[in-house]
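# Observations on chain architecture
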Amino acid sequence: MHLKEVKAPADLKGLDYEELDSLAAEIREELVSTVSQRGGHLASNLGVVELTMALHRVFDLPGDKIVFDVGHQSYVHKLLTGRYTLFHTLRSFGGISGFPKRSESEYDVFETGHSSTAISAALGLARARDYKGEKHAVIALVGDGALTGGMCYEALNDAGNASTKLIVILNDNEMSIAPNVGALSRYLTNIRVSKGWTSTKKKVKRGLNNIPVIGKPVYNLINWTKDAVKSLLVEEDGFFTALGFHYFGPIDGHDLKSMEHTLQLAKEFDGPAVIHVLTRKGHGYDKAEEKPEMFHGTPPFYVETGGLRTASKLPSFGKTMARELAEMAREDPRIVTITAAMPSGTGLSAFQKEFPERMLDVGIAEEHAVTMAAGMAAGGMKPYFAVYATFFQRSYDQLIHDVCMQKLPVTFMLDRAGLVGEDGATHHGVYDLASLLPMPNMTVLAPRDLNELKAMVRWSATYDAPLAIRYGRKSIDQGEKYPYAGFVPGKWEVLEQGSDCTLLAVGSMVEEALATREKLMNYGISAAVVNCSTVKPMDEEMLRSLKDKPIITMEEHVLVGGFGSAVSAFCVAEEIPGPLLSFGIADTFVQHGRRDQLMKYLGLEPGQMARRICYALENKRGMKHE
Ligand SMILES: Cc1ncc(C[n+]2csc(CCOP(=O)(O)OP(=O)(O)O)c2C)c(N)n1
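In short, a report on the structure. Remember, predicted model here, so these are calculated numbers, not experimental data.

## Topic: the overall build of the chain
A count of helices and strands for the chain gives 24 helices and 17 strands. Taken against the 2.2 N^0.38 rule, which gives 25 Å for 626 residues, the C-alpha radius of gyration of the chain at 26 Å falls within 12% of a compact globule. With the C-alpha coordinates of the chain rotated into their principal frame, the extents come out at 80 × 55 × 50 Å. Put simply, the chain has 626 residues, and 53% of those count as buried. Relative to all contacts within the chain whose residues are 6 or more apart in sequence, the contacts with residues 24 or more apart total 78%.

## A few points about the pairing of strand 11 (residues 467–470)
Of the two faces of strand 11, the one holding Leu-467 and Ile-469 and the one holding Ala-468 and Arg-470 are both buried throughout. Relative to strand 11, strand 9 (residues 411–415) runs parallel, the two being bridged by four bridges. Counted as the bridge partner of Thr-411 is Leu-467 from strand 11. Strand direction decides the pairing type here: strand 10 (residues 443–445) and strand 11, joined by three bridges, are parallel. Across the sheet, the residue bridging to Thr-443 is Leu-467, located in strand 11. The parallel pair strand 10 and strand 11 is bridged by helix 19 (residues 450–460), and the resulting crossover is right-handed.

## Points about the sheet that holds strand 12 (residues 493–496)
With respect to topology, five strands assemble into an open sheet ordered 12-14-13-16-17, the strand pairing being mixed. In this open sheet, the two edge strands, each paired with only one partner strand, are strand 12 and strand 17 (581–585). Averaged over all pairs of adjacent strands, the angle between their axes in this sheet comes to 25 degrees, without regard to strand direction. Sheet analysis places strand 13 (residues 501–505) next to strand 14 (residues 527–531), joined by five bridges and oriented parallel. Directly across from Cys-501, in strand 14, lies its bridge partner Ala-527. Lying over the sheet, helix 22 (residues 563–574) contacts strand 13, strand 16 (551–558) and strand 17, oriented at roughly 140 degrees with respect to strand 16.

## Things to note about the site of the ligand
Close contacts around the ligand come from 25 residues, with Ser-44, Ser-115, Gly-143, Gly-145 and Ala-146 the closest. When grouped by side-chain class, the residues that make up the shell around the ligand number nine nonpolar, twelve polar and four charged. Among the domains, domain 1 (3–290) and domain 2 (317–470) are the pair contributing at least three residues each to the shell around the ligand.

Rules used in this analysis
- Residues numbered from 1 in each chain as written.
- Predicted model: local features only at pLDDT ≥ 70, side-chain atom pairs only at ≥ 80, totals over all residues.
- Helix = DSSP H or I, 4+ residues; strand = E, 2+ residues; numbered from the N terminus.
- Rg over C-alpha atoms; globule rule 2.2 N^0.38 Å.
- Buried ≥ 20, exposed ≤ 12 C-beta atoms within 10 Å, placed from the backbone.
- Contact = placed C-beta atoms within 7 Å.
- Pairing = 2+ DSSP bridges.
- Right-handed = clockwise from strand over helix to strand, strands pointing away.
- Axes fitted to C-alpha atoms, helices over the stretch in contact; angles between N-to-C directions.
- Near = placed C-beta within 6 Å.
- Nonpolar A, V, L, I, M, F, W, Y, C, P; charged D, E, K, R; others polar.
- Domains from an automatic or database assignment.

Printed below as a string of structure tokens:
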């Protein structure tokens, strides 16, 4: 049977192991080919091909339920649940999502994107089942990286005590995005070693597979199977057992037969069970096996070489920040940086290269990272927590209670603020201002380009209170046309003068405001453009000085609680005219697609904004004439 003939998981059930092997090879080929065009989470999906097939053969979805932690490894599941023909639209505007989506399929029972939620969600589904007197299985598929997140322990603690029937599959590939960290990761290594498993990474012998361009993995299947069955007989006497779970494993996650055997045992077990599965990230595509971190989430690439199809000419905001901090750290021993399992994504690996002992990877633990940073600040250090704006949402109470209330000098470098594009709704960083602006003692900055970011980072070392600097995924350098004049906190920068209205723009929207200004000229409208780089505190003096002309705010953030709202509130309090228009993100979850497509969808493309401004100014004039 070919992959294109698989319409539902039931189609897998009658296949023999030879057919299943060739189906696995086809799945890998499809994964590599589609992700090479669309970008996405390749290495994690290559690692769970057999695991996902085994799950669909042993369990009966959609009656039985699987919750995918993070959900980035759900592509194989999508391919096996009737979405093969749509798979080429992966992560594109209007296409299928890179994460589980309830609206996409009845086989996607719970949506994820942020890490470490699956055990809680699965326990909820299991309890709902029990209340309703139903009998189906509920499974949480969790990576060893995700298991560094605190919610997992709250859920395990609750589930082990409840003795509800629930299966947790721990997909242990020894990697988060980067190599996994922490004491629990060490514990998992100990289990592997004590049960006679050498490091799965070491066990890989790269090479051939029966996929032409992908290469063929070679290892001794017979040994794997024997080991797997043997290890099942060994009772774990440790962490999971202590929490009230029955522990199965470790088993070879690329050996379909032994995995099915274990899943069947767990299916029949009446209580909470953990199955410890060993997989290899990137399995079956040599480039991804060699560089699992790079192929964790990749932009489009060439299959033959693994090289990216388009490489950005500019360094990212994150890398620029990290290099600047490294320079400063040479002189300032107080500076330490923190990441929650994202050293490369945040750019901090550039800092880590020079100061490995001053870059702390705390695991996928954003809440802990914030309070730990607060502790470091209270102890006299100068911590910088670099984190994607969307994952920072996790740390809201820690921000209030541990940082702002005590006015501790923790600096948050909020990356991917704004629309992130293809990762979609769970990943857009559009709620950070709404959480930061109401917070007493908080200062919030947003650079218009890389040069301004550097100046802000320099300045941050002299600042002794909570600070957040937000910047987007798209790198911007305006040095040629708008050379940077120097950062003065609390002072906005007039980039262009104009007599008809003033565009007040934040961060990434400064570039869009300048483009909108050009478009407005075609309508005979002269607009000033102001870079509002200190979002809090606002430049109140400038705002007051603008009261005689219409002002228009622009931000890549939700409208409620964002910059436009803050300007409106100030104007109401001062009894001066508020914004004529506020551009930002409406009250909706924005789906996936290229940033330019999403901006257009939201009416934030410069031509669209110029037209709206033109109508609004005409209406205003019309009202004056009446
Ligand atoms: C709260 C949160 N922080 C950070 C991330 C970014 N992230 C996505 S996947 C991942 C690593 C997950 O590792 P693991 O669970 O072991 O899965 P694997 O990719 O190794 O299969 C991270 C850090 C996230 N999705 N959610």
